Every structure is written in C-alpha cells, then in structure tokens.
Amino acid sequence: MEKKSFTEMTEDELLVEKDKLKKSKIFHATMIGFLAGILIFGLVGWGLSEEKRLGFFIPMVIPMVIIYRLVKNPKVNKDLEEALKERRLN
C-alpha cells in the first residue's frame, strides 16, 4: 500500500496522522530527556572520578548521536503541519 501525500488525504486521515505526530513528539522528547540524563550523569561521574581517562568519552558519543538524530526534524513532520494549517485542523 502506497502512502498518500498529505494533500490527497481526507480530514479524518489527517487527524489520525496528527495524533501519531503528537505521540511521536512526546516519545522523542522523553527519549531526549532520558539520554541527556545519561549523558549528564556520565559526565558528572567522570568529573568526580580520580582518574580522568579520555577513553570514557567514547561511550558518551552514542547518546549524543542519538539525541542529534532525534532533534533533527524530518521533512515529513513539516509537510503534515503545513497540510493541517491549510485545512485549519490545528
């Protein structure tokens, strides 16, 4: 099944996509907060430790990369928001 573009969707389909977008934004915000907490906890732990090893920062790159990918706003979300504004379904 091919996905329709947002301009071809009915209002009910757009409202379903809007709900999915809202849930996705909440999930992304939760994941960013969780990963940022891991990152901060790790950095504080490194700062308070007696031995300062630079190899410790290698695992800290993983949460930073995941946060970057979550923050990067995909074009699909912008297209959906524009379609919702055009039809005044905000």
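Residues numbered from 1 in each chain as written. Predicted model: local features only at pLDDT ≥ 70, side-chain atom pairs only at ≥ 80, totals over all residues. Heavy atoms only, no water.

Some thoughts on the packing of helix 1 (residues 11–48) against helix 2 (residues 57–71)
When two helices pack together, their arrangement is captured by the angle between the axes and the distance separating the axes. Put simply, the rule is: Axis geometry follows a simple rule: fit a line to the C-alpha atoms, using only the stretch in contact for helices, then measure angles between N-to-C directions, giving values from 0 to 180 degrees. Strands here are runs of E lasting at least two residues and helices are runs of H or I lasting at least four, both read from the DSSP assignment and numbered beginning at the N terminus. Angular relationships are summarised with four words: roughly parallel below 35 degrees, roughly antiparallel beyond 145, roughly perpendicular across 65 to 115, and oblique for the angles in between. Left-handed describes a crossing whose near helix is turned anticlockwise from the far helix by less than a right angle; the clockwise case is right-handed. Note on contacts: a residue pair is in contact if any heavy atoms of the two residues lie within 4.5 Å.
With their axes 10 Å apart at the nearest point, helix 1 and helix 2 run at an angle of 155° to one another. Here helix 2 runs roughly antiparallel to helix 1, going by the angle between their axes. The handedness of the crossing between helix 1 and helix 2 is left-handed. Facing helix 1, whose interface residues are His-28, Met-31, Ile-32, Leu-35, Ala-36, Ile-38, Leu-39, Gly-42, Leu-43 and Trp-46, helix 2 presents Phe-57, Met-60, Pro-63, Met-64, Ile-66, Ile-67, Leu-70 and Val-71.

Points about the nonpolar core
To keep things clear, this is the line we draw: The set of buried Ala, Val, Leu, Ile, Met, Phe, Trp, Tyr and Cys residues whose side-chain atoms join them within 4.5 Å is what this entry labels a nonpolar core. Burial classification: accessible surface area is computed with a 1.4 Å probe over protein chains only, and a residue below 20% of its type maximum counts as buried, one above 50% as exposed, and the rest as partly exposed.
Formed by Phe-6, Met-9, Leu-14, Leu-21, Leu-80, Ala-83, Leu-84 and Leu-89, the largest nonpolar core amounts to 8 residues. Of all the secondary structure elements, the ones that give two or more residues to this core are helix 1 and helix 3 (75–86). The element that contributes the greatest number of residues to this core is helix 3, accounting for 3 residues. Once you skip the residues sitting within four places of it in the chain, Leu-14 turns out to touch Phe-6, Met-9, Leu-80, Ala-83, Leu-84, Arg-87 and Leu-89.

Looking at the packing of helix 1 against helix 3
Inclusion rule: Residues are grouped as follows: nonpolar covers Ala, Val, Leu, Ile, Met, Phe, Trp, Tyr, Cys and Pro; charged covers Asp, Glu, Lys and Arg; every other residue, Gly included, is treated as polar.
Orientation of helix 1 relative to helix 3, taken along the N-to-C sense of each, is 135°, at an axis distance of 11 Å. Comparing their axes, helix 3 and helix 1 come out oblique. For the pair helix 1 and helix 3, the crossing hand works out as left-handed. Of helix 3, the residues touching helix 1 (which contributes Leu-14, Glu-17, Lys-18, Leu-21 and Lys-25) are Asn-77, Leu-80, Glu-81, Ala-83 and Leu-84. A per-class count over the contact of helix 1 with helix 3 returns 5 nonpolar, 1 polar and 4 charged.

Some points on helix 3
Each α-helix turn comprises 3.6 residues. Residues three or four places apart therefore point the same way. In plain terms, the rule: Under the convention used throughout, the expected extent of a helix is 1.5 Å for every residue step, that is, one less than its residue count. This arc is taken over the directions from the axis of the helix to the C-beta atoms.
Over its 12 residues, helix 3 extends 17 Å from the first C-alpha to the last, a length consistent with the 16 Å expected when each residue adds 1.5 Å. When helix 3 is considered as a whole, its buried residues turn out to be Asn-77, Leu-80, Ala-83 and Leu-84. Relative to the axis of helix 3, the buried residues are bounded by an arc of 125° and lie together on one face. What points out from helix 3, more than 90 degrees from its buried face, is the exposed set Lys-75, Lys-85 and Glu-86.

Observations concerning the packing of aromatic side chains
Test applied: Side-chain rings of Phe, Tyr and Trp (the six-membered ring for Trp) are treated as a pair once their centres are within 6.5 Å; stacked means planes under 30 degrees apart, edge-to-face means over 60, and tilted covers the remaining angles. Whether a charge sits over a ring depends on NZ of Lys or CZ of Arg being within 6 Å of the ring centre and within 35 degrees of the ring normal.
In total, this model carries 2 aromatic pairs according to the counting rule given. The interplanar angle of 65° and the centroid separation of 6.1 Å between the aromatic rings of Phe-56 and Phe-57 together place this pair among those described as edge-to-face. One aromatic cluster in this structure is built from Trp-46, Phe-56 and Phe-57. The ring centre of Trp-46 lies 5.8 Å from the NZ or CZ of Lys-52, which sits over that ring.

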